[in-house]
Amino acid sequence: MQRRLARLAAVGLLCMAALAAGEGRAQKEEVAAPVVPPREGERRHVALFNGKDLQGWVGHQKYWSVQDGVIVGKNTEPVPVSTYLLTEQKYSDFRLLFDFMLAQSEMHSGVAFWGRLAPERGDPYTYGGHLVMFPSSYGFYDLYGRNLIHKNADIAQPVGKQHDWNRIEILAQGNRIRFVLNGKLISDWREPEPKRINEAPIGLQLHSNRQPQEVRFKNLALETFPEDRLLTVK
């Protein structure tokens, strides 16, 4: 009798585990991101940066400048709220290629898009929306929203260069973001809430920080409504 009861208990535990697994799969299916196809529009190459000045961009002049063909974001006094150098034009589907270096500090930077300006947060050039982060902290962040929405640091950190130039490709199409770092595809992720996606400026981040910091961007190339393929994967 005791053996029979033990067998029945074991069967019961297996059934409960199966039900729990089924519920887990159902929950995953419920939160699975829908597939939003790439939007249609004119495919064109945009000269985001002329290599000389910040024509076509807006941001705090005290933080952003051009030095030897490089966009430099730099502070010596504390930056109370993360601030951005923003494109004057708005974009939805795009491919952005650029080189990035964290020249001073260990604070991460990033590229923001699909969002909006959020001056109510204390800076006329701060941003609410999606952020692709690099290099100290990696992942995708929802600024002033859901916070960290995608983790990729375990893959990105061995590939990224902390204080040297990194070649980066961001391909944003429909609700899909692909992030290539130094020739390796790090992330292929879909936004599960497509209503959060807006045609918006693209922003280069100088993070809030009490310490001096310096970030550098160069060789920026933008393509609108690009072909659905990655250019820099090795």
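Residues numbered from 1 in each chain as written. Predicted model: local features only at pLDDT ≥ 70, side-chain atom pairs only at ≥ 80, totals over all residues. Heavy atoms only, no water.

Draft legend 1. Molecular detail of the pairing of strand β8 (residues 127–134). Of all 8 residues making up β8, 8 are buried, and the element is well covered by its neighbours. Bridge count for strand β7 (residues 109–117) against β8 is 7 bridges, and the pairing is antiparallel. Residue pairing for β8: G110 is matched across the bridge by M133. Adjacent in sequence and paired antiparallel, β8 and strand β9 (residues 139–143) are bridged by 4 residues. (Buried < 20%, exposed > 50% of the residue type's maximum accessible area, 1.4 Å probe, protein only. Helix = DSSP H or I, 4+ residues; strand = E, 2+ residues; numbered from the N terminus. Pairing = 2+ DSSP bridges.)

Draft legend 2. Here's a closer look at the pairing of strand β5 (residues 83–87). Among the 5 residues of β5, 5 are classified as buried, and the element is accordingly described as predominantly covered. Judged by which residues are buried, β5 turns out to be covered on both faces: T83, L85 and T87 on one side and Y84 and L86 on the other are all buried. Sheet topology places strand β2 (residues 57–58) next to β5; 2 bridges connect them, and they run antiparallel. Among the inter-strand pairings, W57 is bridged to a residue of β5, identified as T87. Bridge count between β5 and strand β14 (residues 203–206): 4 bridges; the pairing is antiparallel. When the bridges of β14 are listed, T83 appears paired with L206.

Draft legend 3. Spotlight on the pattern of salt bridges. Inspection of every chain in the model, using the stated rule, returns 16 salt bridges. Between K74 and E214 there is a salt bridge whose closest N-O contact spans 3.8 Å. One end of the pair, K74, is in strand β4 (residues 70–75); the other, E214, is in strand β15 (residues 213–224), with 140 residues separating them in the sequence. Classification of K74 as partly exposed rests on a relative accessible area of 38%. Its relative accessible area of 8% is what places E214 among the buried residues. E191 serves as the salt-bridge partner of R146, at 2.7 Å between the closest nitrogen and oxygen. Taken together, the residues span a long stretch of sequence, with R146 in the loop between β9 and β10 (147–150) and E191 in the loop between β13 (184–190) and β14 at a distance of 45 residues. For R146, a relative accessible area of 23% corresponds to the partly exposed category. (Salt bridge = Lys/Arg side-chain N within 4 Å of Asp/Glu carboxyl O.)

Draft legend 4. How the structure looks around the environment of L220. In this structure, L220 sits in strand β15. In the structure, L220 is positioned 149 residues away from I71 in sequence and 9.6 Å away in space, judged by C-alpha atoms. Apart from residues no more than four positions distant in its own chain, L220 is found in contact with F49, W57, I71, L97, F98 and L204. (Contact = heavy atoms within 4.5 Å.)

Draft legend 5. Here's a closer look at unusual backbone geometry. Omega for the peptide link from F134 to P135 comes to -10°, which places this bond in the cis form. The residue P135 is located in the loop between β8 and β9 in this model. Look at N219: it is not a glycine, yet its phi comes out positive at around 55°. Its place among the elements puts N219 in strand β15.

Draft legend 6. Just the sheet that holds β9, in detail. Spatially, the 7 strands line up as an open sheet ordered β2-β5-β14-β7-β8-β9-β10, and their pairing is antiparallel. Among the strands making up the open sheet, the edge pair consists of β2 and β10.

Draft legend 7. Quick look at the environment of L97. Within the secondary structure layout, L97 lies in strand β6 (residues 94–104). Remark: the alpha-carbon pair of L97 and L171, spanning 74 residues in sequence, is separated by 8.8 Å. Residue contacts for L97: discarding those within four places in its chain leaves R167, I168, E169, N219, L220, A221, L231 and T232.

Draft legend 8. Region of the structure containing the packing of aromatic side chains. For the structure shown, the criterion picks out 9 aromatic pairs. Three or more aromatic residues joined by ring pairs make a cluster, and in this case those are F98, F100, F134, F179 and F217. (Phe/Tyr/Trp six-rings, centres within 6.5 Å; stacked < 30°, edge-to-face > 60°.)

Draft legend 9. Representation of the side chain of T126 within the structure. Mapped onto the elements of the fold, T126 is located in the loop between β7 and β8. A distance of 3.2 Å separates a polar atom in the side chain of T126 from a polar atom in the side chain of Y144. Those residues in contact with T126, other than ones at most four positions away along the chain, are V81, S82, Y84, R116, L117, A118, R121 and Y144. (Polar contact = N/O pair within 3.5 Å; in protein donor to acceptor, adjacent residues only side chain to side chain.)

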